[in-house]
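A structural walkthrough
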Amino acid sequence: MLRLATIGSGSIVELFLDAVKKTEGISLMAVYSRTQERAEEFGKKHGAAKWFSDVDAMLTDREIDCVYVASPNSLHYSYAKKALSAGKHVICEKPFVGNRNEAEELFAIAEEKNLYLMEAITVLHMPNFKCVREWLSQIGAVHLANFNYSQYSSRYDAYMEGRITNVFDPEFAGGALMDINVYNLHAAAGLFGAPKKAHYFANRGFNGIDCSGTAVLSYGGFVCTCMGAKDCDGDNRAVIEGEKGYIVVKEGGNLWGSAELFLRNGERRTVEYDLSTNRMVFETADFVRAVEGEDREGFLSWKKESLLVMEILDQLRGYSLPSQQ
């Protein structure tokens, strides 16, 4: 049984802990929050045996096997590094870290210590995403693909009033690309691999943060557009168009739920998704299997995917790796 500790106490942690309760082989042991009062409140709410306001003290606890990192985006790297250095397996929320260099360093630490490190990106673990990947060969050569995930942020009104929270703060790695469009980038990378070129066209707010934007990924033979927004709602779906047919994912973004295949010969297929199912149960179960040593191949594929998406994000944001300077 993996004994889990969490870093963070926001809504995404609530959802993750619900998934933990529904997954065999893992249970909550401890929680960390910045104040003792919040840590105790959150810990008692979820049945944790321990709660901490000192992250270093928590990470030295030998009863903790793994850590879920769901801090503000800019702190993912430092917390994940602390946890790995303390000998804990880590599942880290998206966006994984700030750039590919940081990602490579974390994976190097994990491998040196024989630990597992996984980005908590729901898309890759959803059963219907895997189904769509199998359908790709049936639609022939792909010519167009569009993935949209637009969700009006609960903090956008405050932002428009001049109050900047983490998700709209460049210093905290906020913005639509890192916080929401990253799901679309993972979908594109998981289906099509590395693009030849990548460009980002953003709608920026008063402090320079991208409130919405479109990433254009060129794959040589076709173009994939990834749209993400925190300043408006949209029809969150994915469409992939090929010479022999097309695929529509009705619930795209971070879910990849119900999907349909339409072939030019008239054939149609549908896979449904029960929206009452917590989308995080699939990644949680995969993480447990990987740590238990039953899915090393899967772990290596997730590592490759995270490194690739960090490389794409670096290109979209104009980040330059040392070797490219």
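The coordinates are above.
Residues numbered from 1 in each chain as written. Predicted model: local features only at pLDDT ≥ 70, side-chain atom pairs only at ≥ 80, totals over all residues. Heavy atoms only, no water.

1. Section: the overall build of the protein
Helix and strand counts for the protein stand at 10 helices and 14 strands. The C-alpha atoms of the protein give a radius of gyration of 20 Å, which matches the 20 Å a tight globule of 325 residues would have. Taken along its principal axes, the extent of the C-alpha atoms in the protein is 60 × 45 × 40 Å. Burial status across the protein gives 56% buried among its 325 residues. For the protein, the separation between the mean place of its 35 positive charges and that of its 44 negative charges on side chains is 2 Å. (Helix = DSSP H or I, 4+ residues; strand = E, 2+ residues; numbered from the N terminus. Rg over C-alpha atoms; globule rule 2.2 N^0.38 Å. Buried < 20%, exposed > 50% of the residue type's maximum accessible area, 1.4 Å probe, protein only. Lys, Arg positive; Asp, Glu negative; His and termini not counted. Charge placed at Lys NZ, Arg CZ, Asp CG, Glu CD.)

2. Some points on the packing of aromatic side chains
Applying the stated criterion to the full structure yields 18 aromatic pairs. On the basis of an interplanar angle of 5° and a centroid distance of 6.4 Å, the ring pair of phenylalanine 147 and phenylalanine 192 is categorised as stacked. Taken as a pair, phenylalanine 147 in strand 7 (residues 142–150) and phenylalanine 192 in helix 8 (residues 176–192) lie far apart in primary sequence, 45 residues in all. Look at phenylalanine 192 and phenylalanine 222: their rings are 5.0 Å apart centre to centre, the planes differ by 75°, and that puts the pair in the edge-to-face class. You can see phenylalanine 192 sitting in helix 8 and its partner phenylalanine 222 sitting in the loop between strand 9 (210–218) and strand 10 (223–229), a full 30 residues away along the chain. Through successive ring pairs, a cluster of aromatic residues spans Phe129, Phe147, Phe192, Tyr219, Phe222 and Trp256. (Phe/Tyr/Trp six-rings, centres within 6.5 Å; stacked < 30°, edge-to-face > 60°.)

3. Observations regarding the sheet that holds strand 6 (residues 117–120)
Taken in spatial order, the 6 strands line up as 3-2-1-4-5-6 in an open sheet, and their pairing is parallel. This sheet does not close on itself; its edge strands, each paired only once, are strand 3 (50–52) and strand 6. Neighbouring strand axes in the sheet, compared pairwise and without regard to direction, differ in orientation by 25° on average. The sheet contact formed by strand 4 (residues 66–69) and strand 5 (residues 89–93) spans 4 bridges and is parallel. From the neighbouring strand, cysteine 66 faces strand 5, where its bridge partner is histidine 89. The strands that helix 2 (residues 36–45) touches are strand 1 (2–7), strand 2 (26–32) and strand 3; relative to strand 3, the one it contacts most, it runs at about 155°. (Pairing = 2+ DSSP bridges. Axes fitted to C-alpha atoms, helices over the stretch in contact; angles between N-to-C directions. Contact = heavy atoms within 4.5 Å.)

4. A short note on helix 2
Taken together, the buried positions of helix 2 are Ala39, Phe42 and Gly43. The buried side chains of helix 2 occupy one side of the element, clustering within an arc of 100° when seen end-on. Exposed and oriented more than 90 degrees from the buried face of helix 2 are Glu37, Lys44 and Lys45. Residues of helix 2 that are buried in the fold lie against strand 1, helix 1 (11–21), strand 2 and strand 3. Taken from the residues just after helix 2, glycine 47 is the one with a positive phi, measuring 75°. (Arc of directions from axis to C-beta.)

5. A few points about the environment of valine 20
Tracing the chain through its elements places valine 20 in helix 1. Valine 20 sits in the buried class, given a relative accessible area of 4%. With 261 residues separating them in the primary sequence, valine 20 and valine 281 have C-alpha atoms 7.1 Å apart. With residues near it in sequence (within four places) discarded, valine 20 still touches Leu4, Ile26, Ser27, Leu28 and Thr284.

6. Quick look at the sheet that holds strand 13 (residues 259–263)
An order of 8-9-10-7-11-12-13-14 is seen for the 8 strands of this open sheet, with the pairing classed as mixed. Both outer strands of the open sheet, strand 8 (197–204) and strand 14 (268–271), are each paired with one neighbouring strand and no more. This sheet shows a mean twist of 10° between the axes of neighbouring strands, independent of strand direction. One ladder, built from 4 bridges, connects strand 11 (residues 238–242) with strand 12 (residues 245–249); its direction is antiparallel. If you follow alanine 238 over to strand 12, its bridge partner there is valine 249. Together, strand 7, strand 8, strand 9, strand 10 and strand 11 form the strand contacts of helix 8, whose direction differs from that of strand 10 by roughly 155°. Of the strands in this sheet, strand 8 and strand 9 touch helix 10 (residues 296–316), which is tilted by about 60° from strand 8.

7. Re the nonpolar core
With 80 residues, the main nonpolar core has Met58, Phe147, Leu185, Phe192, Cys224, Ile240 and Trp256 as its most contacted residues. Core analysis: the second largest hydrophobic core is formed by 27 residues, Val31, Cys66, Ala70 and Ala290 among them. (Core = buried A, V, L, I, M, F, W, Y, C linked by side-chain atoms within 4.5 Å.)

8. Things to note about the pattern of salt bridges
What the rule picks out here adds up to 20 salt bridges. Note that glutamate 63 is salt-bridged to lysine 50, the shortest N-O span being 2.5 Å. Residue glutamate 63 is found in the loop between helix 3 (55–59) and strand 4, and its partner lysine 50 is found in strand 3; the two are separated by 13 residues along the sequence. The class of glutamate 63 is partly exposed, set by a relative accessible area of 36%. Overlapping salt bridges, with partners in common, bring together Lys50, Asp61 and Glu63 in one network. (Salt bridge = Lys/Arg side-chain N within 4 Å of Asp/Glu carboxyl O.)

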